[in-house]
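If you want the building blocks of each chain, they are given just below.
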2 protein chains.
Amino acid sequence: MASAPVTLTALADFPLVEPGDDLASLIIDGLRRTDIVPRSRDVIVLAQKVVSKAEGRYVDLRDVTPSAEARKLAEEAGKDARMVELILAESREVVKLRAGVLIVEHRLGYVMANAGIDQSNIDHPDGNERALLLPEDPDASCARLKAQLDAAFGIDLAVVINDSFGRPWRQGVTGVALGAAGIPALLNLIGAPDLFGRSMRVTEIAVADEIAAAASLVMGQTDAGKPVVHLRGLQWDAPARPAADLLRPKQQDMFR
Amino acid sequence: MASAPVTLTALADFPLVEPGDDLASLIIDGLRRTDIVPRSRDVIVLAQKVVSKAEGRYVDLRDVTPSAEARKLAEEAGKDARMVELILAESREVVKLRAGVLIVEHRLGYVMANAGIDQSNIDHPDGNERALLLPEDPDASCARLKAQLDAAFGIDLAVVINDSFGRPWRQGVTGVALGAAGIPALLNLIGAPDLFGRSMRVTEIAVADEIAAAASLVMGQTDAGKPVVHLRGLQWDAPARPAADLLRPKQQDMFR
């Protein structure tokens, strides 16, 4: 991914996104407003929340009836049983539970807190009752947006959807890629020679996660209108790979 | 960390670093060569290897006599017993062992593979016999470099040392901060209001890790002369915190 200056710019005055909004059009307007004429190999990074909102992934908690299992886990974790019901419905399994947080394997394979379901920064006309699920399929969302943007500009863009994850062993959240299109999300450097011509050991770079983290720096963290970031300056010559390739199979994981 | 365009630029033609080299002078020369006049709040990110090399953290494996414990673990992991001896000497405890890799808690608290000890991209006049340890104290190295650079330019810079870490659950390595000075490595957003005025849940952002990951994108991964990156455009109003604040205490860790 060697590169001359890499620039990250938040699209100016990105509007609040509503279910059914055409994200590609909003991005095109945002680029114009920010005086950016996109080029091939630019990367558009979107915060998960705006994609989820455009895709209408809201659930009204008043419509959720918790199962017995959800009620039991909710009591252990000190959480709303309806939220736990949603988390379980979005997950393959519970990896770990502690006060206030359920670490699960999401149905798409992400190991994450609360299946990525969010109650903050959600418009709440009826109080505190709406939750927002992750996009149905973030890699597919990226591919769709890439196709729309590529067609609009006649170029070859990349698109990444990011979210903030906690990690074992280290404090604080960092940006992580939920979806990617048009870029090698995982870059395989196995056997690439080092400076002294010796073969390197196995090295795979989680490029899309590094892009996601870089974009997080620019997005800020209070969702205050900077959910889309334009990145320019990366170069690569490997084929595109989706963010699904960043998921470590459970049987290869030392910490499951 | 809201911010107008963030720019990352690798310093041009950074020389190979030798023990005893004055890194601050090399950085000053590199900035000049790259036509960058640094400003307050710019961040200089250094790859761990150049700091370790400047600090002379080489060990000749021929001088290492493995203990019985090192020999036993080396056999289990299929590694050079002298490397395992070095890893154990740099570590508080072994967290996990598998073929080819020891996950340890480094003496400074990082949970990482092989205590960060590297045999690739090390000049090896005598064959394959030199290993390179992490810097003695990366936060202190950052503080020292910051003081030297601040004095040279009469400004208030930030300095980060990064390295590439593997993670549980996800494939590929990402840039992580080993040391930091002049920046809030961990930014505490507990209670910051969201867009709708509701108080956010506890959120801490691992800002220095996101900076480290962003810089990794620009450094490339074959150590081909881009070990120092200049970052401009971040804003913050929290006090500086060292990278040590990114380490989660063992007793608070769900995955130890």
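Not measured: the values here are computed from a predicted model.

### Points about the sheet that holds strand β2 (residues 43-47) of chain B
With mixed pairing, ten strands are arranged side by side in an open sheet as β9(A)-β8(A)-β2(A)-β12(A)-β1(A)-β1(B)-β12(B)-β2(B)-β8(B)-β9(B). This sheet does not close on itself; its edge strands, each paired only once, are β9 (174-181) of chain A together with β9 (174-181) of chain B. Within this sheet the neighbouring strands show an average axis-to-axis angle of 25°, counted without direction. Sheet topology places strand β1 (residues 6-10) of chain A next to strand β12 (residues 228-232) of chain A; four bridges connect them, and they run antiparallel. In the strand pairing of β12(A), A:T9 is matched with A:H230. Running over the sheet, helix α5 (residues 138-153) of chain B touches β2, β8 (158-165) and β9 of chain B and is turned about 65° from β9(B).

### As for the confidence of the model for chain A
In this model, chain A carries a mean pLDDT of 90, and residues with pLDDT of at least 70 account for 88%. This prediction of the complex comes with two scores: 0.94 for pTM and 0.93 for ipTM.

### Notes on unusual backbone geometry
One non-glycine residue, A:D13, lies in the positive phi region at around 50°. Tracing the chain through its elements places A:D13 in the loop between β1 and α1 (23-33). Take A:D13: its relative accessible area is 63%, and that puts it in the exposed class. One non-glycine residue, B:W169, lies in the positive phi region at around 75°. With respect to the element layout, B:W169 can be found in the loop between β8 and β9.

Conventions and cut-offs
- Residues numbered from 1 in each chain as written.
- Chains lettered and ligands numbered in written order.
- Predicted model: local features only at pLDDT ≥ 70, side-chain atom pairs only at ≥ 80, totals over all residues.
- Heavy atoms only, no water.
- Pairing = 2+ DSSP bridges.
- Helix = DSSP H or I, 4+ residues; strand = E, 2+ residues; numbered from the N terminus.
- Axes fitted to C-alpha atoms, helices over the stretch in contact; angles between N-to-C directions.
- Contact = heavy atoms within 4.5 Å.
- pLDDT = per-residue confidence, 0-100.
- Buried < 20%, exposed > 50% of the residue type's maximum accessible area, 1.4 Å probe, protein only.

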